[in-house]
Amino acid sequence: MSELVLHDDELDEDCYRVRLFLSLLGLEARRVAVDVVPGGEQDSPGFRAVSPAGLLPVLRIDGQMVCGAGGALLALAHGRPEWLPEARAAFARVAHWLQFAGGPLRATLLMRRACLFGGVGDEQSARRRAAVGALRIMEDHLAHRRLEGGTWFVGDGPTVADIALFPAAALCRDWGEEYSAYPALRRWVRAVRGLPGFVTMPGIPDYG
Amino acid sequence: MSGTREGGWYPLMLSADLEPGTVAGSTVLGRDLAVRRDREGQAHVWDDRCPHRGMRLSLGFVREGALACLYHGWRFGADGRCVHIPAHPDLSPPGTIRAAPLRVAECHGLVWASVEEDGPLPEVDAVAWVPVRSLRIEAPWQDVARAVGVPDGHRAAVLDRDVEGRVLAALLPVREGACMLHLLAAASAGVERLHDLADWGQDVRARAEERAGQVFLAGVVA
């Protein structure tokens, strides 16, 4: 594998998804910082030449640029069946949750950005309701998984789906959701935190 | 909240959701609590406020049998007394530095705390209960209690449902218009039955929130 390069914003949870997965895989990437807040560098001509839609992060892997967390996670998981199962049914379940992470779960990311960087309260907006609804879908799934002894979203071990979903749960306090409302998510967050190579980002406590 | 037969005892969470060596948050009638289980398995409930700078203790972590605050690392032992201040490692902290403990009990698969005046714990058939799940519901707890069949004046009851096997439901009033519903099943329940009960809980949640005018639908905004 040639050198890995990650165009990265420390405060961005999409970038964190990929940093976390790299660390769990024991891989190092050369990091190129992108100044999103306050610089707005994601919209600069220089960055748009790398990522035409302004998506972060950008991973350079085997000489190929992959833009966005979902694509970068898949590229890293490729050829690692423990993280991306090969059997079609299990693969389909992982694909389902990757789609969810890049779709309805975006509401949590937008809520967090509005609360941290938007400067306005967003108490009872449609966006907040959609974000809570998305967290509940994860909570309900994990509550059912637990009844059959399962800890992870798919199968008996962590997959790339768990990594794609993790930041939304771990960072929900930033927009006012407490773990006490999500006991199944809280247990799963502890399980992810216990994985060898786990790293935090700003907003996720490091117990040292 | 007077008038309930259970006095001041409130069901905070499923015992199974409080793993040894961890701390969780809970809220009763707007009062924030830190709930932790020590390595020996004993549960402790304190007000969720570090006596040092007011940080939420539920964000902390358990170290060497004590609860450590995430802010400055002050550690508090089982009785709530401060046992260690990292910035002054040689200091023996005075007994006046103390987190505020509440009375705590564990029975019927639930962690209970005495928040108001003392009273008897709810009497429930002393069979073994297995946890199903807890759900946060954005609706008044009395409405949810009525909907599932918990008698007036109670926060917990074995439900008389026309399905096989007994169900224990317990309600935690979080604040006005929000509660937690804890569900447990008689130990004889099989996995299919537990899944059915978890689904039923989601149905109870959806109906109660619809009555309360609360809708949380994922995917409706970009």
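Residues numbered from 1 in each chain as written. Chains lettered and ligands numbered in written order. Predicted model: local features only at pLDDT ≥ 70, side-chain atom pairs only at ≥ 80, totals over all residues. Heavy atoms only, no water.

A. Inspection of the nonpolar core at higher detail. Residues and elements named next belong to chain A. The biggest cluster of nonpolar side chains holds 64 residues, and the ones touching the most others in it are F21, M138, L165, F166 and W188. Looking at this core, the elements that each hand over two or more residues are helix 1 (13–24), strand 3 (58–61), helix 3 (69–77), helix 4 (88–102), helix 5 (106–118), helix 6 (126–147), helix 7 (160–170) and helix 8 (183–193). Counting only domains with at least three residues in this core, you end up with domain 1 (5–77) and domain 2 (88–193). The residues contacting W188, other than those within four sequence positions of it, are M138, L142, T151, W152, F153, D162, L165, F166 and A169. (Core = buried A, V, L, I, M, F, W, Y, C linked by side-chain atoms within 4.5 Å. Buried < 20%, exposed > 50% of the residue type's maximum accessible area, 1.4 Å probe, protein only. Helix = DSSP H or I, 4+ residues; strand = E, 2+ residues; numbered from the N terminus. Domains from an automatic or database assignment. Contact = heavy atoms within 4.5 Å.)

B. Just unusual backbone geometry, in detail. All names here are of chain A. Cis geometry is found at the peptide bond from V37 to P38, where omega equals 5 degrees. The residue after L56, namely P57, is reached through a cis peptide bond having omega -10 degrees. By the element assignment, P57 lies in the loop between helix 2 (45–50) and strand 3. Backbone geometry places D62, a non-glycine residue, at a positive phi of 50 degrees. Counting through the fold element by element, D62 comes out in the loop between strand 3 and strand 4 (64–67). D62 sits in the exposed class, given a relative accessible area of 55%.

C. Representation of the pattern of salt bridges within the structure. Applying the stated criterion across every chain, the model contains 30 salt bridges over all chains. Between E178 of chain A and R56 of chain B there is a salt bridge, with its nearest N and O atoms 3.3 Å apart. Of the two residues, E178 of chain A is situated in the loop between helix 7 and helix 8 and R56 of chain B in the loop between strand 4 (43–47) and strand 5 (61–63); the pairing between them involves two chains. With a relative accessible area of 27%, E178 of chain A lands in the partly exposed category. Relative accessible area serves as the criterion here: at 25%, R56 of chain B is assigned to the partly exposed category. (Salt bridge = Lys/Arg side-chain N within 4 Å of Asp/Glu carboxyl O.)

D. Structural context of the sheet that holds strand 14 (residues 178–186) of chain B. Residue and element names in this part refer to chain B. Taken in spatial order, the 4 strands make up an open sheet running 11-14-13-12, and their pairing is antiparallel. Since the sheet does not close on itself, it has two edges, and those belong to strand 11 (129–137) and strand 12 (156–159), each with one partner. Recorded for the sheet is a direction-independent mean angle of 20 degrees between the axes of neighbouring strands. Here helix 2 (residues 191–211) sits on the sheet in contact with strand 11, strand 12, strand 13 (167–175) and strand 14, set at roughly 20 degrees to strand 11. (Pairing = 2+ DSSP bridges. Axes fitted to C-alpha atoms, helices over the stretch in contact; angles between N-to-C directions.)

E. Summary view of the sheet that holds strand 8 (residues 82–84) of chain B. Residues and elements named next belong to chain B. The strand order across the open sheet formed by 4 strands is 5-6-7-8, and the pairing between neighbours is antiparallel. Both outer strands of the open sheet, strand 5 and strand 8, are each paired with one neighbouring strand and no more. Both strand 6 (residues 66–68) and strand 7 (residues 75–76) contribute to a ladder of 2 bridges, which runs antiparallel. Note on strand 7: the bridge partner recorded for L67 is F76.

F. Up close: the interface of chain A and chain B. Opposite the 31 residues of chain A that make contact, chain B presents 39 residues. Each partner contributes to the roughly 2,900 Å² buried at the junction of chain A and chain B, and carbon and sulfur atoms together form 51% of this total. The tally of links from chain A across to chain B stands at 7 salt bridges. A salt bridge links R146 of chain A to D17 of chain B; the nearest nitrogen and oxygen atoms lie 2.7 Å apart. (Buried area = accessible area lost by both parts, 1.4 Å probe.)

G. Looking closely at the domain arrangement of chain B. All names here are of chain B. By the assigned domains, chain B splits into domain 1 (9–103) and domain 2 (122–211). Tallying the contact residues gives 13 residues for domain 1 and 13 residues for domain 2. Interface area for domain 1 against domain 2, summed over the two sides, is near 960 Å², with a carbon-plus-sulfur share of 68%. Of all residues in domain 1, Y10, P11 and L14 bury the most surface against domain 2, accounting for 52% of the area lost on that side. Run the count over domain 1 and domain 2 and you get 0 salt bridges. The interface formed by domain 1 and domain 2 includes 7 residue pairs in polar contact (both at pLDDT 80 or more). For the side of domain 1 that touches domain 2, the element with the highest residue contribution is strand 1 (residues 9–14), accounting for 6 residues. Split by residue class, the side of domain 1 that touches domain 2 holds 9 nonpolar, 3 polar and 1 charged. (Polar contact = N/O pair within 3.5 Å; in protein donor to acceptor, adjacent residues only side chain to side chain. Nonpolar A, V, L, I, M, F, W, Y, C, P; charged D, E, K, R; others polar.)

H. A look at the environment of D143 of chain B. Residue and element names in this part refer to chain B. Residue placement: D143 occurs in helix 1 (residues 141–148). Each C-alpha atom, one on D143 and one on A208, is 7.1 Å from the other, the two residues being 65 residues apart in sequence. When sequence neighbours within four positions are dropped, the list of residues in contact with D143 reads A208 and R211.

I. Representation of the domain arrangement of chain A. Residues and elements named next belong to chain A. As far as domains go, chain A holds domain 1 (5–77) and domain 2 (88–193). For domain 1 versus domain 2, the distance between C-alpha centres works out to 21 Å. Contacts between domain 1 and domain 2 engage 13 residues on the former and 14 residues on the latter. Together, the buried faces of domain 1 and domain 2 total about 1,200 Å²; carbon and sulfur atoms form 68% of this surface. Taken together, domain 1 and domain 2 are joined by 3 salt bridges. Residue D12 is joined to R113 by a salt bridge in which the shortest nitrogen-to-oxygen separation is 2.6 Å. Elements that contribute at least two residues to the side of domain 1 that touches domain 2 include exactly helix 1 and helix 3. If one sorts the elements of the side of domain 1 that touches domain 2 by residue count, helix 1 sits on top with 7 residues. Here the side of domain 1 that touches domain 2 is composed, by residue class, of 9 nonpolar, no polar and 4 charged.

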